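Results of the structural survey
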Amino acid sequence: MAKIIAVTNQKGGVGKTTTCVNLGASLTATKRKVLIIDMDPQGNATMGSGVDKHDLELSVYDLLVGKAHIYDIIKKQVPAGYDLIPANGDLTAAEVELLDLDFKELRLRNTLNDVRELYDYILIDCPPSLNMLTVNALTAASGVLIPMQCEYYALEGLSALMNTIQQISERVNPALKVEGILRTMFDPRNSLTRDVSEQLISYFDDRVYTTVIPRNVRLAEAPSHGLPVISYDRNSKGAKAYIALAGEVNRKTKAERAALVPA
Ligand code: ADP
Ligand code: MG
């Protein structure tokens, strides 16, 4: 049964898409079955996975508005290695059309029931806002992975995100929790980075991943080749960091499952 993780932060440019693509590819390298769902009309996760967003017959838009079945939309083993539900600008229309549909928060969740058994992880790349697309992702997920750039304005907006998570868990998805806070574009030489990092740890404690993602130019270059960093430059610091993160995510999942088995 897949663990469904929404990669969310309403700030843009904090590393959501980079994390989805590279954590997805690294988990695939550890022999886990992974599905990535691109929920951002910008389609960056789609392009970064080696799929042309301008050349899609079906996309997550068709899934959300019920125009096609999920089996027909999933692209199997895209160049990045995992399975993908792609997105492009069509998704902007879904945001509006969803408002008129019944059970509008539950659209994504309900369609995933048919494929949850097929994967170990389903990662959802969210858009940079707390809109109906993000609400669908949070309603479908069991955990939220929050990438954070440790800089001055980083913590601003975090309380709005925590409120949204709280509301969704009270209203429709009691299982929802913060899976982990991921420090991205990390520069340990910067004292502000260290300060913000300490604040995160004092608030979120062991929910902050031990793995940090350094600022690394290879991570920024890889998407223009439609490749995850482990395929583009396996020995880069960025690749090593995401491989380490996959290990941490797997260990956490294993520990949670072990705790669920009755003694
Ligand atoms: P988001 O999805 O949150 O908007 P992205 O993952 O697209 O953020 O990252 C924003 C920009 O920063 C992209 O150009 C990406 O390539 C770059 N980037 C992301 N993480 C890193 C990193 N660790 N080091 C260097 N560049 C990064
Ligand atoms: Mg993005």
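Residues numbered from 1 in each chain as written. Chains lettered and ligands numbered in written order. Predicted model: local features only at pLDDT ≥ 70, side-chain atom pairs only at ≥ 80, totals over all residues.

Gly15, Lys16, Thr17, Thr18 and Ala220 are the nearest of the 18 residues found near ligand 1. Among the elements of the structure, helix H1 (16-29), strand E6 (177-186) and helix H10 (217-221) are those that each provide at least two residues to the shell around ligand 1. A per-element tally of the shell around ligand 1 places H1 first, with three residues. For the shell around ligand 1, the per-class residue count stands at seven nonpolar, nine polar and two charged. (Near = placed C-beta within 6 Å. Helix = DSSP H or I, 4+ residues; strand = E, 2+ residues; numbered from the N terminus. Nonpolar A, V, L, I, M, F, W, Y, C, P; charged D, E, K, R; others polar.)

A few words on the nonpolar core. Ranked by size, the top nonpolar core spans 75 residues in total, and within it Leu123, Ile124, Ala137 and Ala141 carry the most contacts. What Ile124 contacts, discounting residues up to four positions off in sequence, is Ala6, Val7, Ile37, Met39, Ala137, Ala140 and Ala141. (Core = buried A, V, L, I, M, F, W, Y, C linked by C-beta atoms within 7 Å. Buried ≥ 20, exposed ≤ 12 C-beta atoms within 10 Å, placed from the backbone. Contact = placed C-beta atoms within 7 Å.)

Okay, the sheet that holds strand E2 (residues 34-38) next. One key point about sheets: their strands pair by backbone hydrogen bonds, in either a parallel or an antiparallel sense. Spatially, E3-E2-E4-E1-E5-E6-E7 is the arrangement adopted by the seven strands of the open sheet, whose pairing is parallel. The strands lining the two open edges of the sheet, one partner per strand, are strand E3 (83-85) and strand E7 (208-214). When the angles between neighbouring strand axes are averaged without regard to direction, this sheet yields 25°. As judged from the three bridges shared by E2 and E3, these two strands associate in the parallel manner. (Pairing = 2+ DSSP bridges. Axes fitted to C-alpha atoms, helices over the stretch in contact; angles between N-to-C directions.)

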